[in-house]
Amino acid sequence: MNQACIADLLAHPRVLETHDHMHHSVPKHDHMLRVARYAYFLAPLLGADQRTSTRAAILHDIDSRLGTLTTHGAIAARVAAELGEPEAVSLAIVSHMYPFGPRPTTREGWVLAVADKLASFRDMTSFIGGLFSGRSLAERRRLCASDPFYAERMAKRRQRRAMISRILLHRSRKALAE
Ligand SMILES: [Fe+2]
Ligand SMILES: [Fe+2]
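Residues numbered from 1 in each chain as written. Chains lettered and ligands numbered in written order. Predicted model: local features only at pLDDT ≥ 70, side-chain atom pairs only at ≥ 80, totals over all residues.

Colleague: Help me out: how do you make sense of the environment of Ser25 in this one?
Modeller: Position of Ser25 among the secondary structure elements: in the loop between β1 (22-23) and β2 (26-27). Placed 112 residues apart in sequence, Ser25 and Leu137 show a C-alpha to C-alpha distance of 8.8 Å. For Ser25, the residues in contact, after removing those within four places along its chain, are Phe127, Ser136 and Arg140. (Helix = DSSP H or I, 4+ residues; strand = E, 2+ residues; numbered from the N terminus. Contact = placed C-beta atoms within 7 Å.)

Colleague: How should I be thinking about helix α7 (residues 107-131) in this particular structure?
Modeller: The periodicity of an α-helix, 3.6 residues per turn, causes residues three or four places apart in sequence to face the same way. For α7, with 25 residues, the first-to-last C-alpha span of 37 Å sits near the 36 Å given by 1.5 Å per residue. Within α7 the residues assigned to the buried category are Glu108, Gly109, Trp110, Val111, Leu112, Ala113, Ala115, Asp116, Ala119 and Asp123. Structurally, α7 contributes buried residues whose contacts are with β2, α3 (28-45), α4 (50-59) and α6 (87-94). (Expected span 1.5 Å × (residues − 1). Buried ≥ 20, exposed ≤ 12 C-beta atoms within 10 Å, placed from the backbone.)

Colleague: For this particular structure, what's the right way to read the packing of α4 against α6?
Modeller: Helix packing geometry: the angle between the two helix axes and the distance between the axes. Close contact between α4 and α6 brings their axes to 9 Å; oriented N to C, the two are set at 55°. Relative to α6, the element α4 lies oblique. Between α4 and α6 lies a crossing whose hand is right-handed. For the pair α4 and α6, contact is made by Thr52, Ser53, Arg55, Ala56 and Leu59 and by Ala88, Val89, Ala92 and Ile93, respectively. Taken together, the residues of the contact of α4 with α6 break down into six nonpolar, two polar and one charged. (Axes fitted to C-alpha atoms, helices over the stretch in contact; angles between N-to-C directions. Parallel < 35°, antiparallel > 145°, perpendicular 65-115°, else oblique. Left-handed = near helix turned anticlockwise from the far one by under 90°. Nonpolar A, V, L, I, M, F, W, Y, C, P; charged D, E, K, R; others polar.)

Colleague: Sorry, what's going on with the UniProt feature "domain: HD/PDEase" (unreviewed entry) in the protein chain here?
Modeller: Taking the numbering used here, the UniProt-annotated feature "domain: HD/PDEase" (unreviewed entry) corresponds to residues 24-130. As a span, residues 24-130 carries 66% helix and 2% strand, and end to end its C-alpha atoms are 13 Å apart. (UniProt positions renumbered as here; feature names shortened; annotations may be inferred.)

Colleague: Would you mind showing me how to read unusual backbone geometry here?
Modeller: With the exception of glycine, most residues fall at negative phi, and the peptide bonds are largely trans. Going from Tyr98 to Pro99, the amide bond is cis rather than trans, its omega being 10°. Within the secondary structure layout, Pro99 lies in the loop between α6 and α7. Phi at His24 is positive, roughly 55°, even though this residue is not glycine. Looking at where His24 falls in the secondary structure, it is placed in the loop between β1 and β2. When the 17 C-beta atoms within 10 Å are taken as the criterion, His24 is described as partly exposed. Non-glycine residue Asp63 carries a positive phi angle of around 60°. With respect to the helices and strands, the residue Asp63 is situated in the loop between α4 and α5 (72-82).

Following this line, the structure appears as C-alpha cells:
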C-alpha cells in the first residue's frame, strides 16, 4: 500500500494515540492500518475511490468505545467530519459494521464493510498466533495499562479485590477471637 494518501492522518494525534488503545485484543492502530491496507486493494476491484476508502479506513473506529456495536460507526463518522474529511469519507465510515448497523450506501461504504470483516478476522488469527510465543498476552497487558478505558476498569477491579480481602481478613480475625 502506498501510504501517501493517508500520511497526514497517520501523523494526527487522534490516530497516533490508537497505538495505546485496545481493539480485538490488539492495538487499535494495527486494526485500522490493516483495514486501510485491505480497503486500498479492494477499492479498485469494487470500482470505489481508493483515496476515500483508505482515508475512511484509517479513521473508522476512532472513539468506538463511546458507542455500541451498531452506533460507533456514526461516532467515528462525526470525528472524521470534525477532522475536515469530506462527506464521502463519513458516509463510508457510518456503515462499516454492516450487517450490525446501517447498510452501506456507497461503493466506498461496501469496501470498508468488507475490509473491516477481513481485518477483524486477521486480528483474531494474529492474536491466537502470538499466544504461543507469549507476545499476544504481553501486548494485551501493555494495552490494559495504557488504554484509559481499561486502566480505569483495572483500577476498579483492584479496588474491589482489596475491599473483599479486607472484609475476609476482618471476618476471619473476628471468628478467631470468638
Ligand atoms: Fe468498528
Ligand atoms: Fe473496525
